[in-house]
Each structure stands twice: as structure tokens, then as C-alpha cells.
Amino acid sequence: PAPVPNGRKIVQSSILQLGAPGNRIDAVAQGVFNVVGAVNGIVDRSNVSNTGGPGASAQFQLRVPSASLSVALSDLSRLRYAHVLSRTDNTRDINSSYVATQRQIARAQAALTRLQTELAAATLDSQIAALRAEIAGEKATLARAQSSLEGLNRQVNYSRLQVSIQANLPGGPVSPGAGGGFGLHRAGHDALRVLEVTAGVALIALAAIVPIALLGALAWWLSATLQRRRRERALDLA
């Protein structure tokens, strides 16, 4: 999700938490660096602690061009070996502060123009000194307002992005690319498992049928033997 441009000055920021196998923290961290570089972002601070186990982690304080924030988040969410644990997006409207600062700059610039005109026409030393003091004050006001406006523009143009990576807990979810995805190997394994189960069922069924067949054969043999003996006895009596 991203705010719809409406001409107002908006500050965006996001927090992204990723999970990854403990022995893949380095690979995922390098992926973060690659994504930030691809969108011409800035890494303000990073910390990677790779223990190869559950204690492995990484943290990043980033700034990315606001126009590329959605792309960066999408690419970070699809990093190999990683999966998204949580994501928080924030927006803040600073249009009022932006407009107020612009007006302050305009007033300071107009005051400087007026004071410099009065200074050019001044003849008395006291008048000249007073005008110069006022000009110095307005220049200071203008510099502060311009600095504030530059800061607001940086906030609007570059969004802050906080990314953290933590190792999966034992028995936790398997990250894509770490053997948990569905591919030819997984499909072959599943097919083999189906065949094993089918063969097992057939073997059980066969084990149940064989005794029944043996009993049937035994009953047929006893019946045939009994009938043969009856015929032989009948012939002897005749």
C-alpha cells in the first residue's frame, strides 16, 4: 500500500521484520545492501551479528527515495532464504509546516529587499547601523527557514526504512529458497511418498487376502477328499 499523490507533502516510513535460517543471515543481509543500492538508497547504519544459530540477527537504518519505497519493500520481501514476519507502514502529512516555512522565507526575502532599499537611501550613521542590524536579523531568519525547508524536503523525498533480520526459531517456518519451496525435487519426493503409501496399502491388502485364499483352498481340498472317500465306500458296499 502507498498513499495516493494529491499534491500535499507526505512523509513516509516503514519497518520490515524478516526471518531467515541462522546460517543464512549473511546472505540475506547482502541482499538488503543490494536492494538499497539498486534504488540509490542510503545506509545510515547497519549491524550484522552472524552466529550461525538462533542468536544470529541483523539491523539496518536506511533511507530510500520515496518514489522507490514500494519497489524496495517488494524486493526486500522476496529476498532468497527470507520470509516476512511483519511490516508496518507509516505516513505523516507535513503540508501545513511546509507551507508555513515557505511563507516565512517569502516574508524574510521581502523584508531584506525593503531594508536594502532603505539602506541605499540612508544618510545618517545611526540609521545605517540600525538598518544593517535589521538586515543581519532577517538574513539569519531566512537561513533558518531555508534550512528547515531543506530538511522537510529531505523527509519528503527520502523515506526512512528500518529492516531487521532474525534467525528462525527451531521448528519455525522454512524460508523460501531454503528447501521449503515447491519444485521438481519436492514434487519428486512427494510422488515417491505417494507410491510408497500405495505399495504399503497393497501389501496390507495382500496380507489380508492370502490367509483367506489359503483357507478356501484347504476347505476345497477337504470337501473333495470327503466326497472321494464316500464314493469309494459306496463301491465297496456294492
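Residues numbered from 1 in each chain as written. Predicted model: local features only at pLDDT ≥ 70, side-chain atom pairs only at ≥ 80, totals over all residues. Heavy atoms only, no water.

A. Structural view of the sheet that holds strand 2 (residues 42-49). Strand order across the open sheet formed by five strands is 2-3-5-1-4, with mixed pairing between neighbours. Strand pairing shows two members of the sheet lacking a second neighbour, strand 2 and strand 4 (83-93), which therefore form its edges. Averaged over all pairs of adjacent strands, the angle between their axes in this sheet comes to 10°, without regard to strand direction. In this sheet, strand 3 (residues 57-65) lies alongside strand 2 in antiparallel orientation, the contact comprising seven bridges. Bridge pairing in strand 3 links Ser49 to Ser57. Strands strand 1 (10-20), strand 3, strand 4 and strand 5 (158-167) of the sheet are contacted by helix 2 (residues 69-77), whose axis makes an angle of about 5° with strand 1. (Pairing = 2+ DSSP bridges. Helix = DSSP H or I, 4+ residues; strand = E, 2+ residues; numbered from the N terminus. Axes fitted to C-alpha atoms, helices over the stretch in contact; angles between N-to-C directions. Contact = heavy atoms within 4.5 Å.)

B. Spatial organisation of helix 4 (residues 125-157). The end-to-end C-alpha distance of helix 4, which contains 33 residues, comes to 47 Å, matching closely the 48 Å that a straight helix rising 1.5 Å per residue would cover. Burial in helix 4 covers these residues: Ile128, Leu131, Ile135, Leu142, Ala145, Leu149, Gly151, Leu152 and Val156. Packed against the buried residues of helix 4 are strand 1, helix 3 (95-121) and strand 5. (Expected span 1.5 Å × (residues − 1). Buried < 20%, exposed > 50% of the residue type's maximum accessible area, 1.4 Å probe, protein only.)

C. Seen up close, the pairing of strand 5. Strand direction decides the pairing type here: strand 1 and strand 5, joined by eight bridges, are parallel. Bridged to Gly19 within strand 5 is Gln166. As paired strands, strand 3 and strand 5 are joined by nine bridges and run antiparallel to one another. For Pro65, the partnering residue across the bridge sits in strand 5 and is Tyr158.

D. Inspection of the environment of Glu138 at higher detail. Topologically, Glu138 is positioned in helix 4. For the pair Glu138 and Arg107, spaced 31 residues apart in sequence, the C-alpha separation works out to 9.2 Å. Sequence-distant contacts of Glu138, that is, excluding residues within four places in its chain, are made with Ala108, Ala111, Leu112 and Leu115.

E. Representation of the nonpolar core within the structure. Judged by nonpolar contacts, the single largest core of 26 residues is most densely connected at Val32, Val163 and Ile165. Listed by contribution, the elements that provide at least two residues to this core are strand 1, helix 1 (25-38), strand 3, helix 2 and strand 5. Broken down by element, this core gets its largest block of residues, six residues, from helix 1. Apart from the residues within four sequence positions on either side, Val32 is in contact with Phe60, Leu62, Leu76, Leu79, Val163 and Ile165. Counting residues in hydrophobic clusters, the runner-up holds 16 residues, among them Ile105, Ala122, Ile128 and Leu142. (Core = buried A, V, L, I, M, F, W, Y, C linked by side-chain atoms within 4.5 Å.)

F. View of the environment of Arg160. The residue Arg160 is located in strand 5 in this model. Spatially, the C-alpha atom of Arg160 lies 8.9 Å from that of Val11, the residues being 149 residues apart in sequence. Ignoring sequence-local partners within four residues, the contact set of Arg160 consists of Gln12, Ser13, Ser14, Asp44, Leu62 and Arg63. Side chain to side chain, Arg160 and Asp44 meet in a polar contact 3.3 Å long. (Polar contact = N/O pair within 3.5 Å; in protein donor to acceptor, adjacent residues only side chain to side chain.)

G. Representation of the confidence of the model for the chain in the model. Confidence along the chain averages 82 in pLDDT terms, with 69% of residues attaining 70 or more. When mean pLDDT is taken per element in the chain, strand 3 scores highest with 96 and helix 5 (residues 184-237) scores lowest with 57. (pLDDT = per-residue confidence, 0-100.)

H. How the structure looks around the packing of aromatic side chains. In the structure shown here, the tally under the stated rule is one aromatic pair. Here the aromatic rings of Phe33 and Phe60 are separated by 5.2 Å at their centres, their planes lie at 85°, and the arrangement is edge-to-face. Here Phe33 is found in helix 1, whereas its partner Phe60 is found in strand 3, with 27 residues between them in sequence. One cation-aromatic arrangement involves Arg24 over Tyr81; the distance from NZ or CZ to the ring centre is 4.2 Å. (Phe/Tyr/Trp six-rings, centres within 6.5 Å; stacked < 30°, edge-to-face > 60°. Lys NZ or Arg CZ within 6 Å of the ring centre and 35° of its normal.)

I. Representation of unusual backbone geometry within the structure. The backbone of Asn40 sits at a positive phi, close to 60°, despite the residue not being glycine. Relative to the assigned elements, Asn40 resides in the loop between helix 1 and strand 2. Backbone geometry at Tyr81 places phi at a positive 75°, although glycine is not the residue there. Its place among the elements puts Tyr81 in the loop between helix 2 and strand 4.

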